[in-house]
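Summary of the model geometry
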Amino acid sequence: MGINSENEMSADLQIGPTTLGMVRIYIAGPEVDLPMDFDPEEAEDIAEELRAAAAAARKMGKKTR
């Protein structure tokens, strides 16, 4: 499965700080239980990547309309 492959999987996503000063992204679903911890700088890098991907997706959505 690639990033552009559709599927019927569903999962919950939680994001928040840990007591150790990390940022946790936690994904839980029927087939997955995945906690991922990042230091604050890494979390900010991920946030920037998410914003860039959202902007690119927005542009692609306008092309198909």
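For the structure itself, consult the block above.
1. Quick word on the pairing of strand β3 (residues 32-38)
- In this sheet, β3 lies alongside strand β2 (residues 23-29) in antiparallel orientation, the contact comprising seven bridges. Across the sheet, residue A28 finds its bridge partner in β3, namely D33.

2. Section: the sheet that holds β2
- The three strands are arranged β1-β2-β3 in an open sheet whose pairing can be described as antiparallel. Each edge of the open sheet is held by one strand with a lone partner, namely β1 (12-17) and β3. Mean inter-strand twist for the sheet, computed between neighbouring axes without regard to direction, equals 15°.

3. What about a negative patch on the surface?
- The grouping of E41, E42, E44, D45, E48 and E49 at the surface amounts to a negative patch.
- Given the relative accessible area of 52%, E44 is considered exposed.

4. Some thoughts on the pairing of β1
- Among the six residues of β1, zero are classified as buried, and the element is accordingly described as predominantly exposed.
- As judged from the six bridges shared by β1 and β2, these two strands associate in the antiparallel manner. The partner of Q14 across the bridge, within β2, is Y26.
- Linking β1 to β2, which pair antiparallel, is a turn of five residues; within it G21 sits at a positive phi near 80°.

Procedures and definitions
Residues numbered from 1 in each chain as written. Predicted model: local features only at pLDDT ≥ 70, side-chain atom pairs only at ≥ 80, totals over all residues. Heavy atoms only, no water. Pairing = 2+ DSSP bridges. Helix = DSSP H or I, 4+ residues; strand = E, 2+ residues; numbered from the N terminus. Axes fitted to C-alpha atoms, helices over the stretch in contact; angles between N-to-C directions. Patch = residues over 30% accessible without salt bridge, like charges linked within 9 Å, V, L, I, M, F, W, Y side chains within 5 Å. Areas by Shrake-Rupley, 256 points an atom, 1.4 Å probe, with all protein chains shown as cover. Salt bridge = Lys/Arg side-chain N within 4 Å of Asp/Glu carboxyl O. Lys, Arg positive; Asp, Glu negative; His and termini not counted. Charge placed at Lys NZ, Arg CZ, Asp CG, Glu CD. Buried < 20%, exposed > 50% of the residue type's maximum accessible area, 1.4 Å probe, protein only.

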